[in-house]
Structure formats: structure tokens, C-alpha cells
Amino acid sequence: MSHHHPIRKAAVLGAGVMGAQIAAHLVNAGIDTLLYELPAKQGKPNDLVTAAIRRLNKLKPAPLGVSEIGHQLQACNYDQHLELLNGCDLIIEAIAERMDWKKDLYEKVAPHINDHAWIASNTSGLSMTELSGALPAALRTRFCGVHFFNPPRYMKLVELIPHENTNQDMLDNLEAFLTSFVGKGVVRAKDTPNFIGNRVGVFSMLATMHHTSEFGLGFEIVDQLTGPAIKRPKSATYRTADVVGLDTMQHVISTMQNTLPDDPWKQYYQVPETLGKLVEAGALGQKSGAGFYRKQGRVIKVLDTGSGDYVQSNAQLSDEIQIILKERDPARRMAALRNGESTEARFMWAMFRDLFHYCAYHLGEIADSARQVDQAMRWGYGWGFGPFENWQASGWQQVAEWIQQDISAGKAMSDAPLPAWVNDGRDGVHSPQGSFSAATHELVPRSPLAVYRRQLQPELLVGEQPEPGNTVEQADDWRLWTQTGHDDVLILSFKSKMHSISNGVINGIHRGVSLAEQSYRGLVIWQSSEPFCVGADLKGALELAVAGDLDGLRSMIDGFQKSVMRLKYSQVPTIAAVRGMALGGGCEILMQCSRTVAAFESYIGLVEVGVGLLPGGGGLKELAIRSVENTKAGDSFPLLQQYYQQVAMGKVAGSALEARKFGYLSERDIIVMNPDELLYTAIQQARSMHDSGFRPPISNKTWPVAGDVGVATLKMMLANMLEGHFISEHDIEIGTRVAQVICGGEIDRGTAVNEQWLLHQEQEHFLALTQLEKTQQRIQHMLTTGKPLRN
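Draft legend 1. Layout of the overall build of the chain. Helix and strand content of the chain: 29 helices and 23 strands. Relative to the globule expectation of 28 Å for 791 residues, the C-alpha radius of gyration of the chain, 28 Å, shows essentially globular dimensions. Projecting the C-alpha coordinates of the chain onto the three principal axes gives extents of approximately 80 × 65 × 55 Å. The buried share of the chain, reckoned over its 791 residues, is 56%.

Set out below in C-alpha cells:
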């Protein structure tokens, strides 16, 4: 057991876009954080840093899990607060990418750093070895690079870059801390220019831009080809450049130009002509309103290089490429691109060919193994597959042969030979034994650090072996199973589309509770991928509603209510393990489990009004009860009114922290920063609750409700909203029924009622709404468009 100091306090130096957001995310994670900036020349010395903290609440997507916690960020400046650094155990420097400025700052702060603190630079490309030289010798062993990706709350990747004197224990501890407590995917990178993510990512963009002009394609066509069609983000290539900022792109490209003089691809580290012209004209992308794209009102126009104007895009992909992109088998798809006639197919083959060629050539120099490259591209650029995985899935030997043919024929961007290891009879670089290292020619297994033992079902790369666990029982819509090595806790996973709640899933919940009560220490509801659950099976519900089958609908809603009540009153603990969306019925499931373990990035809400319904599975019952139980003193109606508004507006919490504020999670529920640790934490919770003498709640409790007075007050609120044109007449109908349920009906204020009374109210009002034509239109609209209808 290596001895190490816990990180009690962190400091971030530099309150620019990245620095402030990194600090914000440390606060999200519950870490005491100081944020430093230069003292202001006018006004109060802290003005610059407090302005940066205020700006956090204006940024989209939101850096803070809930806006109030911005106050927990301690504002500091270098004139008044340097001595506070002495109490910090981790110091992250995030100032501008200027070697001379960084050196000055290090000299200023060095005397105030204690003898066990770790110092890290969030640089995106400066040399660690050179930066470490700017530190006093005593601090160098505790220094490394820690490169976050923008926006740091949402991008999973953090690159960890040692220099040759970095202490190995410190690196291991920092990796564990960033993984568990900050929730990141850590990739260790070698100290080469732009590290791994940006080295490959920027080359990929440059190659794509090179081939765009070579094949004469429009920017919007290229974005259609390089986005979700190949499992990459919607912003694809040119929209990504606009979001990043074209001036930033220019800076990164010139870094590559200056730092990679011997690279066989160095002639391409030039700012593409169009990009250069745009920057000159002050069109820097999203931040200046125009770049490759320009938004005019609702319409997004695209730059036409011929005329220099922004035009409405109506470009259509050729039939050939549409057929190729529908091909599911990656090997057949790659072959079709390689042999395609259309400009688009030839463009895409060229783009993949040069990317694969580049990654193979540089692998040994930039990364310990192919795993680091693929993970960096998944986590830092949001690609569904890294370049080596893509190559391996497409048939390693065949693709290698085609790349070699193109190099020999002078078609590739560079004539550098493919490294010999590519052709030594392998069928890929990833296998269950590990990933190939071009430096040592060995397979490197996954990291042995203890922190990774908490990831029971990690995200796997192509070629790695999944750990399926042991199936106990399964049906079409659900699976009951146990994780190998943890066979005392039963796990329920849904197999329905988007994990929606069908009659089958309801049966699975009943079966899960029965089996868990008989033979296990607890039941965990966990899905193998996001979302947790998007609510009811609307298609089934609509069919029953249109057919006027009230008995069918009643048995569906009654069955769901009974299943969640079983979760609540189970004799062993039931744990909802939530990540991603938990909407409608999904939210009702977690509200009625004994405990929820939620990933920080969980989006939880009761959204039924959007389809003209109300929560009918205990959600309103729970909110009525919680408004009483969560009110410390005085009248509980203000809290009930907040809960009511959330439902009436269909609000979704933007983080697990916000879900706690909304009352969907309780103080006892656990928030986990890293979603890969969700299953482990949920199993541990089930065990510890079981072993601490778990009993379900008493089932005949009663609570006072707001009654007729409450309903009248909430109806007045609705009337005001209708007058301000915020809602429609049909919203009034739904809102009134939500009010009647959440207030316990038209009965005397303060009447004590039990759960069955509230569930009965939910059921009656839910069924009445299903019979209304406007509700049926809303459900149909959601099923066909995926968006709510305001009627």
C-alpha cells in the first residue's frame, strides 16, 4: 500500500474559459476549490475572478450541476491570496499557452506550495519537460500535464502526461483521483506535441479539409458524411471547427507546424486557404456569428467558396453513398467505399486511408499502445470508434493491403511506408489479452490500478472480451443476472427499446423483487447503456387509448403502480443505478426504490404533460408525501408548489445535483462522478443496507394533503400562465388534474390520506386524460417526431 496524501483542497490558476470550467467541475465533484486570476487594475482586486465565476451560469452547456454551488468556488487573486496555496494538495495551472507567462507564474507560486502537493499544467501542447524546467528542482517530481477537453464537465477525456522525472506513485494517485472523484477517463500520453487527442483529432480534420477541396465537395456534404453516419458527433467536421473557434484551430495548426519539423505529413500542417481567409475577415465561427456556417434567424446557411456568400444548403447525398452508409457490416462498408464510383465514396475512403496510415506510423512515438489512441478519440472527440478499432472491424489485413497499394501508387497524402508491424500476420491491435504497443511489440493489458476494479462493466474496444455475468432468468424485455464475483446481489436490466416500460418490463420488476427476496441481499436495476429509462411504452398505450380499451389501460397502469410499490416495500433493499435520462415512469421507478445511486450526468424528470398525460406510477404520490417530509418547519405548500410547477412544465433536472433540488433524489441517495463505477457502487449499497438490518418503510402511514384550498391556489397559477400565453387550454386541463392529484383531491385541507388514496387519484385522472383527443394527438406526435406537440 503506497502512502499518499488525500486531496482535500484544489486550486486552479487562471480563470479563463478552461480554468473556470475545470474549477466548476471540481466543485460539482464536491471538492474544496480555489480559483485564481490576476488582480483587477481598477475596482476591487477580485473583480476579474468574480466576473469569471458569474459567467459560469451564462455558459451553455452549463458547467455547474446547479447554479447555486458557484458560491462554493473561492475567488482569489495572485496579489492577496498566494499564501492560501499552502493549504492546497492539487494545483492545476490553466493560463494562456505562453511558455514565458507560465514560467513567470511558476516562479511566483513556487514558494507557497507545500511539500506534498501535486502540480499539473492543463496545457494542450507545450512540452512537459520544458515546463518542468521552469519549476524549482524540489517540485519537479510532483509535476505533470493534465489536459482537460472542452467543455471539461462533459468531455470524458483527461490526458495525463508525465515528464521523465515525474514520480510514478503520484501519477497513479492522480489517475485514481481523476477517475473516481472527478469522473474522467484518463489516458496516459507521451510528451509529444499536442499529445494524443489533438494530434490525431487535428490531423483528421486537416486531412478531411484537404480531401474536401481535392474532391470539390461542399462543407455541408462533408458534415453529413463525417457525423453520425460514421458514429461521430453531429457537429462533424466544419461545424466542430466553428464551435472550437477558427482562430483556435489556426493556433493549434501552427503549433504542429513549428513543433513537428520531421513529420512526413508536415506539408499539410498549413492553415487551409478558406480557413485562413475566414479568420482574416474576422469570421471566427460560432463566437463571432459566422465561420463555415452562418445562422440567419432560424436558418443555417453555409459558405459557398465559389462566390464567397453564405447560401441555403440543399445538398443531397448520391444514391450510392446512401446505400453504402446503411451497410451494417463494417468490412463490407469499407470495401464499398474503397471500390465506390461516387465522389463521396472516394472522399471517405481517402479520409479513412490517410487517418489509418497516420495513426499506424506515429503510434510508437505518441502512445504506449493502440488503446490510448482509440480511447482518446472516443472520450475527447466523441467518436463512437477510435481509428484502430475502425480499421480492425473493417478487416485489418485487407485494409492494410489497400493502404499500401495507394501509398505505392502515390495516392496517399504521404509516401511514408506503413510500419512493418502492420503486416506481420495480425488481424488487429486489440484482443482480450491487451492492445498492441508499437514501441515494445507486446500486447499491453488494461491498467492494473486498483481504481479500475470499481469498473465492473467498462466501455470495451472492438476486439476486447465482454464480461457478460451469469444469467439467472430472462424474457424478451428483461434479464435478471449477477456480476461474476458478486453473486449475492441480483441485477435487473431492461431489454426494451430505450429501456421503456412495457408490460414485459413490469413483469420483470415483479419477478426481480420475488427472486431477490428469496435468495439475494438486494436487487439493483441497472442498464448496460444509457438511458436508464425513458418512461412508458407510448405505442402500446396509444393503441389501447384509440381503441377505447379502458380495461386494458387500467390493467397497464395498475400493473405499473403495483410493481413500483413492490420496489418500495421489498424485504431486501432495491437500488436504482441511474445514468443518462430517467424520464416519466423511469423517474417513478427510481423514486420508489429503497435508494438511488445516480451518475452525476443523470437527467431526471416527470415529463408526462408533454404527451398530454400525468405521472400515473406513483410520481405525484411521492411528491405529495415528499413536500411534507422535506419541509423542515412551517407550511409545506411552498415546496408542493415548486414540485407542482416542475411537473406542469415537464422540467428535467440537468444533473443529479439538480435532481436533488427538484426532490427526485433525496439526501440519502448517492451521486457518483464516474458512470463506469455505478454498478459497483450500487452493489455495495445493496450489501451494506442489507447487512445493516434493512427494513422497508411501514406501509400504513398517512400524510396531510393540501386539499381543495391547494387545488384552488394552483388553478389560479394556471390561469395566470394562460393569460400570459405560456400554456394552452389543453395544458389547463392537464394542469388542473395534476393539481387535483398532488393535493389529494377536492377534500378538506390537512386531511390525512394514505398511499392507496393518492395512487387511486393518479389512476382515475390518468385514465380520463387518455380518452381526450388532444392527448392522443400529443402521443401520436411524440411517436412520429420525437418532439412534444403544443396543442
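That covers the picture; the talk isn't over yet.
Draft legend 2. Here's a closer look at the side chain of Lys102. Structurally, the position occupied by Lys102 is in helix H3 (residues 99–109). Assessed through its relative accessible area of 0%, Lys102 is described here as buried. Side chain to side chain, Lys102 and Glu93 meet in a polar contact 2.6 Å long. Lys102 has contacts with Glu93, Ile95, Ala96, Glu97, Ser121, Thr123, Leu126 and Leu131, leaving out every residue within four places of it along the chain.

Draft legend 3. Spatial organisation of the nonpolar core. Within the largest apolar cluster, 112 residues are counted, with the highest numbers of intra-cluster contacts made by Phe292, Phe388, Trp391 and Trp421. Among the elements that take part in this core, helix H14 (residues 343–366) stands out by supplying 14 residues, more than any other. Sequence-distant contacts of Trp391, defined by excluding residues within four places in its chain, comprise Phe356, Ala360, Trp396, Val399, Ala400, Ile403, Leu418 and Val422. Residues Tyr520, Phe662, Val705 and Leu758 belong to the second largest nonpolar core, which totals 80 residues.

Draft legend 4. Main features of the packing of aromatic side chains. The full count for this structure, using the stated rule, is 20 aromatic pairs. Ring centres 6.1 Å apart and planes at 75° place the aromatic pair Phe203 and Trp265 in the edge-to-face group. Residue Phe203 is located in helix H7 (residues 197–215), and its partner Trp265 is located in the loop between helix H10 (246–259) and helix H11 (273–280); the two are separated by 62 residues in the primary sequence. For the pair Phe203 and Trp265, one class covers both residues: buried. Both rings, one in Phe219 and one in Tyr238, keep their centres 4.5 Å apart while their planes meet at 50°; by these two values the pair is tilted. Of this pair, Phe219 sits in helix H8 (residues 219–225) while Tyr238 sits in helix H9 (residues 238–244); the two residues are 19 residues apart in sequence, bridging distant segments of the chain. Each member of the pair, Phe219 as well as Tyr238, carries the same accessibility label: buried. What links up through ring pairs into an aromatic cluster is the set Phe352, Phe356, Trp391, Trp396, Trp421 and Phe436.

Draft legend 5. The pairing of strand S11 (residues 309–312), seen in detail. Pairing geometry for strand S10 (residues 299–304) and S11, over 4 bridges, is antiparallel. Counterpart to Lys301 in the pairing with S11 is Gln312.

Draft legend 6. Focus on the sheet that holds strand S7 (residues 157–161). Read from one edge to the other, the open sheet built from 8 strands follows the order S3-S2-S1-S4-S5-S6-S7-S8, with strand pairing classed as mixed. At either margin of the open sheet sits one strand with a lone partner, and together these are strand S3 (74–77) and strand S8 (185–188). The average angle at which neighbouring strand axes cross in this sheet is 25°, direction not considered. Here strand S5 (residues 118–121) runs beside strand S6 (residues 143–148); their pairing, made up of 3 bridges, is parallel. Its bridge partner being in S6, Ala120 is matched across the sheet by Cys144.

Draft legend 7. Inspection of the packing of H7 against H14 at higher detail. Two elements in contact, H7 and H14, have axes separated by 9 Å at closest approach and are oriented at 150°. Here H7 is positioned roughly antiparallel relative to H14, judged by the angle of their axes. The handedness of the crossing between H7 and H14 is right-handed. Considering only residue class, the contact of H7 with H14 consists of 10 nonpolar, 6 polar and 5 charged.

Rules used in this analysis
Throughout this description, residue numbers start from 1 for each chain and increase along the sequence as written. Where totals are concerned, whole chains, interfaces and linings use all residues; where local detail is concerned, this predicted model gives features only for residues with pLDDT of at least 70, and gives and counts side-chain atom pairs only at 80 or more. Only hydrogens and water are set aside; all other atoms, that is, all heavy atoms of the structure, feed into the side-chain values. Note on conventions: DSSP H or I runs of at least 4 residues are helices, E runs of at least 2 residues are strands, and numbering of each starts at the N terminus. Atoms counted for the radius of gyration: C-alpha only. Globule rule: 2.2 Å times the number of residues to the power 0.38. The rule is simple: take the accessible area with a 1.4 Å probe, protein chains only, and divide by the maximum for that residue type; under 20% is buried, over 50% is exposed, in between is partly exposed. Under the rule applied, a polar contact is a pair of N or O atoms within 3.5 Å (in protein, one hydrogen donor and one hydrogen acceptor; residues adjacent in sequence only if both atoms are side-chain atoms). By definition in these notes, contact holds between two residues if any of their heavy atoms fall within 4.5 Å. Here the nonpolar core consists of buried residues drawn from Ala, Val, Leu, Ile, Met, Phe, Trp, Tyr and Cys, with membership extended through side-chain atoms lying within 4.5 Å. Aromatic contacts are taken between Phe, Tyr and Trp rings whose centres are within 6.5 Å, Trp giving its six-membered ring; a plane angle under 30 degrees counts as stacked, one over 60 as edge-to-face, and the others as tilted. Whether two strands pair comes down to DSSP finding at least two bridges between them. As a rule, the C-alpha atoms of each element are fitted with a line to give its axis, helices using only the stretch in contact, and angles between N-to-C directions run from 0 to 180 degrees. Small angles under 35 degrees read as roughly parallel and large ones over 145 as roughly antiparallel, with 65 to 115 read as roughly perpendicular and the rest as oblique. Put simply, a crossing is left-handed when the front helix is turned counterclockwise from the back one by less than a right angle, and right-handed when it is turned clockwise. Amino acids are sorted into nonpolar (Ala, Val, Leu, Ile, Met, Phe, Trp, Tyr, Cys and Pro), charged (Asp, Glu, Lys and Arg) and polar (every other residue, Gly among them).

Nothing here speaks to function; it is geometry throughout.
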